[in-house]
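Reading the structure
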Amino acid sequence: MQPPLKEYLYKVLVVGDLGVGKTSIIKRYVHQIFSQHYRATIGVDFALKVLQWDENTIVRLQLWDIAGQERFGNMTRLYYREAVGAFVVFDVTRASTLEAVPRWKEDLDSKVTLQNGKPVPAVLLANKWDQAKNGLSSELPKLDQFCKENGFVNYFETSAKVKPSCLPKT
Ligand code: GTP
Ligand code: MG
């Protein structure tokens, strides 16, 4: 007889300033596609990533792709409800998007917590890493410290455009 299947559904937020690549990261992760064309998200978009975690377990990640133009607005409280994880994204070619990260984190922490009252675990994504040589490279080694100071679990260098094996090493 087959053991019962376990299924989990997790709501995960993706936030950060306009044009940092939130939609692109999600499209890459869920549909394995990338487009150079920029169309700003309006409000919020959704995507579902289904992971066969192991033989008996299916994990569904409901990704909430929140428009950068919602920046700390009234709507974010509604969008954040019942999230169990978050990605805060910045663009390594634009310092202002990194400067905005603590405000996104504060926005999250002030509007949503886990059921036990703890902050929703958040991961920082340093996106457009394929463009890092044009960007904030001198700032980036400090991201470890930045994560500690701002309550991030960790950070990852990402590119929605280029395969990891083609990215510059740090
Ligand atoms: P809003 O919806 O306005 O908040 O923006 P967003 O964060 O969803 O950004 P989006 O994914 O639409 O990407 C903005 C632009 O950056 C697009 O032109 C993308 O093609 C480009 N882009 C996104 N990710 C990357 C990346 O990793 N590398 C490069 N080179 N370009 C990227
Ligand atoms: Mg978008």
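Here goes a summary of the coordinates provided.

Calculation rules
Residues numbered from 1 in each chain as written. Chains lettered and ligands numbered in written order. Predicted model: local features only at pLDDT ≥ 70, side-chain atom pairs only at ≥ 80, totals over all residues. Heavy atoms only, no water. Donors = N, O, S within 2.8 Å, 3.2 Å for Na, K, Ca; no water. Helix = DSSP H or I, 4+ residues; strand = E, 2+ residues; numbered from the N terminus. Pairing = 2+ DSSP bridges. Near = heavy atom within 4 Å. Polar contact = N/O pair within 3.5 Å; in protein donor to acceptor, adjacent residues only side chain to side chain. 1 Å grid on protein atoms, 1.4 Å probe; cavity = no way out; pocket = protein on both sides within 12 Å on 5 of 7 lines; lining within 4 Å. Sits in = over half its atoms within 2 Å of the grid points. Points joined across faces, edges and corners; volume = space filled by probe spheres on them. Nonpolar A, V, L, I, M, F, W, Y, C, P; charged D, E, K, R; others polar.

**Focus on the coordination of the magnesium ion (ligand 2)**
- Coordination of the magnesium ion (ligand 2) by the protein is provided by Thr23 (OG1) and Thr41 (OG1), with metal-donor distances spanning 2.0 Å. Of this pair, threonine 23 sits in helix α1 (residues 22-31) while threonine 41 sits in the loop between α1 and β2 (44-54), and the two are 18 residues apart along the sequence.

**Observations regarding the pairing of β2**
- Of the pairings in the sheet, the one linking β2 to strand β3 (residues 57-66) comprises 10 bridges and is antiparallel in character. Along β3, the bridge assignment pairs leucine 51 with valine 59.
- Hairpin remark: β2 followed by β3, antiparallel, with 2 residues in the connecting loop.

**Here's the deal with the site of ligand 1**
- Surrounding ligand 1, one finds 24 residues, the nearest of these being Ser24, Ser35, Gln36, Tyr38 and Gly68.
- Glycine 19 places a polar main-chain atom, nitrogen or oxygen, 2.9 Å from an oxygen atom of ligand 1.
- Contact distances for ligand 1 include 2.8 Å between an oxygen atom and a backbone N or O atom of alanine 160.
- Judged by its atoms lying within 2 Å of the grid points, ligand 1 is housed in the largest pocket.
- Take the shell around ligand 1: its biggest share by element is 3 residues, from α1.

**A look at the layout of surface pockets**
- The computed volume of the largest pocket comes to approximately 830 Å³.
- Broken down by secondary-structure element, the contributors of at least two residues to the lining of the largest pocket are α1 and β2.
- The element best represented in the lining of the largest pocket is α1, accounting for 6 residues.
- Across the lining of the largest pocket, the residue classes tally to 12 nonpolar, 13 polar and 8 charged.
- Forming the boundary of the second largest pocket are 25 residues, of which Ile25, Tyr29, Phe87, Leu125 and Thr158 lie nearest the centre.
- Mapped by element, the contributors of at least two residues to the lining of the second largest pocket are β1 (6-15), α1, β3, β4 (85-91), β5 (122-127) and β6 (154-157).

Geometric values such as these leave the question of function open.
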